[in-house]
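# Analysis of the macromolecular model
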Amino acid sequence: MVASNVNSSDESLTRDTRSISIAAANQHDAAPENDCHDYQNNISCNYQSANSYSLIFQNWLNESAWPGLGLFGESYMLFSLGLLQPLWRELMPSCFDTKDECSINLIQSLTYSVIIGVMCGMVGFGLLANRIGRRIGSIATASLMATGAIGLTLVSMLLVSHPKQLVQCMVILLFVFGIGVGGEYPLSASSASERTMEREQQAAVTEARRQQSTREHDGIVKHNDENATTQNRGRAVQLVFCMQGVGIFCNSLVMMVLLLLTGQTSGAEYYDKARLQIVWSCMYGIGAVVLTYVLVSRCQHLSESQAWQTDKDERELQLLAASASMLKESEQQASAEITCSAIGKEQHQDYDDATLTAAAAAAAKVPQHHASSKQRPPPPQPSPSSSSVSSLSAPSVAVPCDEHDENDAYVMLNEAPMYEETEHGNAKTPQASTNMLLLQHFGVRLFGVSFCWMLWDVAFYGNKLFQSTFILALTGQETTSLWQFAQAATLNSLVALCGYFGAALLLDHEAVGRFRLQLYGFLLTGVLFVSVGFSYDTLSPTLLVVLYLGSSFFGQLGPNATTFLIPAEIFPTQVRTTCHGVAAASGKLGALLASVAFHRVSVLHMFLLSGYASFVACAITYWTIPESNGLDLMELDRKWRCIIQSGASACQYVGPANDAKFLSTYERQKLLQKARRKHAVENDSQLEGIYDW
């Protein structure tokens, strides 16, 4: 059913979404005439309601579930590492318990390899996706994830009797799988954000046509909410990201159901290793099937991001215009050089004639040395048309062919070349110039999202990859069976899933937004982690579990949602996946640090480290993260093209992207300092509406 639903293009999906809104509005307007409490209209109203719910469900499948299936598959497989540790201990005690056959470094490599692969994928695909597009990048990530999942399923069935070889193969396959996972993060976030940009444009066109039609017929225009789509952008992206939480929950639920079906609900003395091996293989097999479907469906149905394609086309047009301007200037310079050469030859002929005349005059004792100088032509004046060049290039000026003689012929040269010369005489590449402009204008934001994500993943990935350690420590390792552990993990992932969907409700709320949700989410999560750490030896296991579940809920409600969303909204389209990839890779660096550190500290210090990391991230959020709720992302693209076209200092962009309410605390402080000098502003409250950032 999903395959048939996703067969439509993004435009048809948008029309379906708009049809739902229009149908709902029509039903609301027609409510007085068609009262659903009336018995005669009850059946009709029920049918309309059922039809609306069906359309909403179909829209959710198309806009959230299917685009997020990659995140579902990666979280289902990736976070099973922490969930399957107790099961591996029962199946392969020589590797995971006594360590007789496998070294500690080999066991730890399971975690290290997947995190390093994720980091490589985030940076690599973050850079590639800006060039090859979202569609090809998404297919490539799905192919890597499907390959890794199928390989993990096969080795779990074929090499279970050879633990060391099995672990070695898993290390390699997890690295391959991790590369695909890493690419999925920037691509899914950017694609979801860009789909909302497309809907914003289409909604604006539809609203303009509606107003024009209303004006022509009635002469009265009723304005709808212009920012209706913008105000739902965070929800649209978060609902895609919620599929990660669904994957984590399904992973725990599937393990619990499989243990129940195979009868492995008693203590360790009653475990059947053959049935436990079936549980393991089935868990991986389900993930492999899902990811294979993701790969096939993307090859068949996924279309290119129109926002990326439009931005790419506009940048190519600007490049063509700049190339045409440079070609015209080169032709003018070549023409002037030809003129200079011709004048030089004429001057040379004048000098030869003057020499012969001087020789004859010498014989006649008549001085003629002024004759040749009087015959030299005046310098040609540049015509008005010679300075008519493209607005993308700098103005032209006239300089002499021979800089030692002001009367020689003149050549038209460009005052400021398109590409600045380096100290080695080579032109700076456009990519190097773009990177410098990116760091100059968005460097603080990139630092903020990168470090916040890194510090959050210290807590988040540390908890997920070491989930068995945390839960067993809270519930009692000696008395907890696999069945009880699976129940506790399912409860934890269900609470976390509520946080995922709660974030979707709050992200676009005017009183909350992205900035506040991340700020207070870090603060609350840090308080809960530290409370568990300091109360670890005094509180009962039940209270400790409640605090731990609270940290899971507020972590998903706040920073886990916003660290994924914010990098997709505060950077221009041209560099969006690159910046998102850098931020996400920084996050996985935090996960790597956590995996190294958590192997060497006690459970108490694991909680404390998670809490301290959350507090530091809260401070960084306050200074470096801007609010993007309500900002039209097209404005960021307009500002960026202005910067690329005119240069950092010459850009005269004025618009909402520079409004103080969409800037970070650090950026507002810089704006306040500039405004104090220019507008005599005294405090932040007077920055509203000042755009000259």
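Read on for an overview of the structure.

### Some words on the overall build of the protein
Tallying secondary structure elements over the protein gives 24 helices and two strands in all. Residues classed as buried in the protein amount to 48% of the 693 residues present. A separation of at least 24 residues holds for 80% of the contacts in the protein among residues at least 6 apart in sequence.

### With respect to the packing of aromatic side chains
One pass over the full model with this rule turns up 18 aromatic pairs. On the numbers, 5.4 Å between centres and 35° between planes, the contact of W88 with F96 is tilted. Residue class for W88 comes out buried when judged on its relative accessible area of 0%. Among the aromatic side chains, those forming a connected cluster through ring pairs are Y185, F241, W453, Y500 and F564.

### As for the environment of A619
Positionally, A619 belongs in helix α22 (residues 603–624). Overall, A619 belongs to the partly exposed group, its relative accessible area being 41%. Spatially, the C-alpha atom of A619 lies 8.0 Å from that of L519, the residues being 100 residues apart in sequence.

### A short note on the nonpolar core
Within the largest apolar cluster, 140 residues are counted, with the highest numbers of intra-cluster contacts made by W88 and W280. Apart from residues lying up to four places away in sequence, W280 is in contact with L84, L87, W88, L91, M92, S156, V160, L166 and M170.

### Section: the state of the cysteines
Linking two cysteines covalently via their sulfur atoms produces the bond known as a disulfide. In the structure shown here, the tally under the stated rule is one disulfide. Here C452 stays unpaired: no disulfide links it, and the sulfur of C618, its closest cysteine neighbor, is 8.9 Å away. Residue C452 is classed as buried on the basis of its relative accessible area of 0%.

### Quick look at the pattern of salt bridges
In the structure shown here, the tally under the stated rule is eight salt bridges. As a salt-bridge pair, D272 and R275 come within 3.9 Å of each other at their nearest N and O atoms. Relative accessible area serves as the criterion here: at 32%, D272 is assigned to the partly exposed category. Residue classification places R275 among the partly exposed residues on the basis of a relative accessible area of 41%. Linked through salt bridges whose partners overlap, the residues forming this network are R233, D508, R514 and E569.

### Some thoughts on helix α8 (residues 104–132)
Here α8 contains 29 residues, and its C-alpha end-to-end distance of 41 Å stays within 8% of the 42 Å for a straight helix at 1.5 Å per residue. At L110, α8 is bent by approximately 35°, the largest bend along its length. Looking one or two places after α8, you find G133, whose phi comes out positive at around 100°.

### Some remarks on helix α23 (residues 633–646)
End to end, α23 covers 20 Å across 14 residues, agreeing with the expected 20 Å (1.5 Å per residue, within 8%). The buried count for α23 comes to ten of 14 residues, which makes it a mostly enclosed element. Burial in α23 covers these residues: L633, M634, E635, L636, D637, K639, W640, R641, C642 and I643.

### Considering the environment of M634
Inspection of the secondary structure assignment puts M634 in helix α23. M634 sits 433 residues away from Q201 along the chain, and the two C-alpha atoms are 9.1 Å apart. Beyond its immediate stretch of four places on either side in the chain, M634 contacts M197 and Q201.

### What about a nonpolar patch on the surface?
Taken together, the side chains of Y520, L523, V527, F534, V601, L609, Y612 and F615 present a nonpolar region at the surface, about 710 Å² in accessible area. Secondary-structure elements contributing two or more residues to the nonpolar patch are α18 (513–534) and α22. With four residues, the single largest contributor to the nonpolar patch is α18. Within the secondary structure, F615 is located in helix α22.

### Brief notes about the environment of E569
When you line up the elements, E569 lands in the loop between α20 (559–565) and α21 (573–598). The buried category is assigned to E569, whose relative accessible area is 0%. For E569 and S628, which are 59 residues apart along the polypeptide, the C-alpha to C-alpha distance reads 6.5 Å. At a separation of 2.8 Å, a polar atom in the side chain of E569 contacts the side chain of R514.

### Regarding the packing of helix α11 (residues 233–261) against helix α17 (residues 482–506)
Across the interface, α11 lies against α17 with an axial gap of 9 Å and an inter-helix angle of 165°. Relative to α17, the element α11 lies roughly antiparallel. As α11 packs across α17, the resulting crossing turns out to be left-handed. Taken together, the residues that form the contact of α11 with α17 break down as 21 nonpolar, seven polar and one charged.

### Thoughts on the packing of helix α4 (residues 69–78) against α11
Where α4 meets α11, the axes come as close as 7 Å, and the angle between the chain directions of the two elements is 35°. Crossing of α4 over α11 shows right-handed handedness. Contacts from L69, L71, F72, E74, S75 and Y76 in α4 reach V240, F241, M243, Q244, V246, G247, I248, C250, N251 and V254 in α11. Of the residues that constitute the contact of α4 with α11, the class distribution is eleven nonpolar, four polar and one charged.

How each quantity is defined
- Residues numbered from 1 in each chain as written.
- Predicted model: local features only at pLDDT ≥ 70, side-chain atom pairs only at ≥ 80, totals over all residues.
- Heavy atoms only, no water.
- Helix = DSSP H or I, 4+ residues; strand = E, 2+ residues; numbered from the N terminus.
- Buried < 20%, exposed > 50% of the residue type's maximum accessible area, 1.4 Å probe, protein only.
- Contact = heavy atoms within 4.5 Å.
- Phe/Tyr/Trp six-rings, centres within 6.5 Å; stacked < 30°, edge-to-face > 60°.
- Core = buried A, V, L, I, M, F, W, Y, C linked by side-chain atoms within 4.5 Å.
- Disulfide = S-S within 2.5 Å.
- Salt bridge = Lys/Arg side-chain N within 4 Å of Asp/Glu carboxyl O.
- Expected span 1.5 Å × (residues − 1).
- Bend = angle between axes of the 7 residues up to and from the residue.
- Patch = residues over 30% accessible without salt bridge, like charges linked within 9 Å, V, L, I, M, F, W, Y side chains within 5 Å.
- Areas by Shrake-Rupley, 256 points an atom, 1.4 Å probe, with all protein chains shown as cover.
- Polar contact = N/O pair within 3.5 Å; in protein donor to acceptor, adjacent residues only side chain to side chain.
- Axes fitted to C-alpha atoms, helices over the stretch in contact; angles between N-to-C directions.
- Parallel < 35°, antiparallel > 145°, perpendicular 65-115°, else oblique.
- Left-handed = near helix turned anticlockwise from the far one by under 90°.
- Nonpolar A, V, L, I, M, F, W, Y, C, P; charged D, E, K, R; others polar.

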